[in-house]
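This is what each chain is made of:
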Amino acid sequence: MNIFKNPERKEWETILRRPETDLSDICEKTEAIIEEVINSGDEALRKYTRLFDGADLDIFALSPEELKEAGNGIGENLKAAISEAYSNIWDFHMLQVGDPPPMERFPGVRCWQKSIPIQSVGLYIPGGTAPLLSTVLMLGIPARIAGCREIVLCTPPGKDGTINPAVLYTASLLEINKIYKLGGAQAIAAMAYGTETIPRVNKIFGPGNLYVTTAKLLVSKNKTAIDMPAGPSEVAIIADASCNPEFIAADLLSQAEHGPDSQVMLFIQDETVVDKILKELQYQTEKLPRKEVAGAALRNSAIIVVDHRDELIEMVNLYAPEHLIIATADYREISERIVNAGSVFLGSYTPESAGDYASGTNHTLPTNGWAHSYGGLNVDSFVKKITFQEITEEGLMRIGKTIMTLAEAEELDGHRNAVYVRMRKK
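This report concerns the structure included in the present document. All values reported here derive from a predicted model rather than from experimental measurement. (Residues numbered from 1 in each chain as written. Predicted model: local features only at pLDDT ≥ 70, side-chain atom pairs only at ≥ 80, totals over all residues. Heavy atoms only, no water.)

What to know about the environment of serine 115
Here serine 115 lies in strand β3 (residues 109–117). On the basis of relative accessible area, serine 115 is assigned to the partly exposed category, the value being 23%. Separated by 16 residues in sequence, serine 115 and aspartate 99 place their C-alpha atoms 6.8 Å apart. Beyond its immediate chain neighbours, meaning those up to four positions away, serine 115 contacts Asp99, Val383, Lys384 and Lys385. Engagement of the side chain of serine 115 in a polar contact is seen with the side chain of lysine 385, the distance being 3.0 Å. (Helix = DSSP H or I, 4+ residues; strand = E, 2+ residues; numbered from the N terminus. Buried < 20%, exposed > 50% of the residue type's maximum accessible area, 1.4 Å probe, protein only. Contact = heavy atoms within 4.5 Å. Polar contact = N/O pair within 3.5 Å; in protein donor to acceptor, adjacent residues only side chain to side chain.)

The structure is reproduced here in structure tokens:
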């Protein structure tokens, strides 16, 4: 990891820069895939599934028998873990349900808001070497709580044309039965535009590689909403002399193992702890099965020693991390000053892995600095907020003059007249 000590403010932007990828080639290839799916439908899906996943499929839809048998492929310990995570995530997201009471400032003018579920949503669950069964919970639970009428799930098949049984078992717990063996940009295009067998959806959720992310951004230009822009996973840690170097190293590596383009950042006030953390990093990296991946990510990352607390917090807010761990003696005080982060983990015994899997919060979070303007996924992500108002004759008499005055100021006489014709009847 690169090490910086009390960098000057003019250097902050450079030090905090994420790894950059030239997306021009990826964008061009993704556009071609989307266009082919639009024009050729299932035929294009079969072509790209053979090309990218090595699976030759005539039918993409998962059969009821396959879904029913999914539980046979996983052990009881994993089932119990999925069940506990399910309960914790469900209960936390249930706290997000509810609309504010109607407002009636004076008799005759009443306004209220109602949450309406997005009717059709698409969930993308990455496959490959790390099938993310936890993402089924993180996307499926708020979709179910919100009351979405149609939930479509796409996930890449293995070369044998099957889907990871843990992913299927988790989907079955959520009663998601529209499951398709489909991955990559072609899956995003299919859900955005629809094909002979894949339903078109109103909004697409879920993480993925650069092709998936690019496809989501491209289809969002044509009436298909997406959850949020996304990039490689990342974590920032604020630490001081009270931290446990072994814990800090483990937390850094838990994100570094995601991919070579991931980034982990350590902001620390006490320079004397840095050597201990570096030794732990080296020791723990060697034990990781994905040590090559983690090592590449560490080379994109940095340890920043900042003596002054105010500057340290300012730098963290400028970085706007997806995950933020605060491992200091006064972590609660610092947390009150954090304004840009996807999810915050407080104290030495709150690893980021807890939020990824089972504490209850959602792990679908803004990356790549988007935490400046986006929050993490929640039940509201799956609903539309529709406002209603009801005005009686008496109410219009009370508020009508205000409306007409404002309409006149904007020189919109039609707006004024819509009120005037009603009031002159009195």
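Looking at the packing of helix α2 (residues 24–40) against helix α8 (residues 184–193)
At a minimum axis separation of 9 Å, α2 and α8 run at an interaxial angle of 45 degrees. Comparing their axes, α8 and α2 come out oblique. The two elements α2 and α8 meet at a crossing, and its hand is right-handed. Between α2 and α8, the residues in contact are Thr30, Ile33, Ile34, Val37 and Ile38 and Ala185, Gln186, Ala189, Ala190 and Tyr193, respectively. For the contact of α2 with α8, the per-class residue count stands at 8 nonpolar, 2 polar and no charged. (Axes fitted to C-alpha atoms, helices over the stretch in contact; angles between N-to-C directions. Parallel < 35°, antiparallel > 145°, perpendicular 65-115°, else oblique. Left-handed = near helix turned anticlockwise from the far one by under 90°. Nonpolar A, V, L, I, M, F, W, Y, C, P; charged D, E, K, R; others polar.)

Quick notes on the environment of alanine 241
With respect to the element layout, alanine 241 can be found in the loop between β9 (234–239) and α10 (245–256). On a C-alpha basis, the gap between alanine 241 and alanine 329 in space is 8.5 Å, while along the polypeptide they are 88 residues apart. Among residues more than four places away in sequence, those in contact with alanine 241 are Asp270 and Val273.

Topic: the pattern of salt bridges
Applying the stated rule across the entire model yields 18 salt bridges. A salt bridge links arginine 9 to glutamate 314; the shortest N-O distance between them is 2.6 Å. Pair noted here: arginine 9 is in the loop between β1 (2–5) and α1 (12–15) and glutamate 314 is in helix α13 (residues 309–319), with a separation of 305 residues, a long-range link. Residue class for glutamate 314 comes out partly exposed when judged on its relative accessible area of 39%. With a shortest N-O distance of 4.0 Å, glutamate 20 and arginine 17 are connected by a salt bridge. Residue glutamate 20 is classed as exposed on the basis of its relative accessible area, which comes to 67%. (Salt bridge = Lys/Arg side-chain N within 4 Å of Asp/Glu carboxyl O.)

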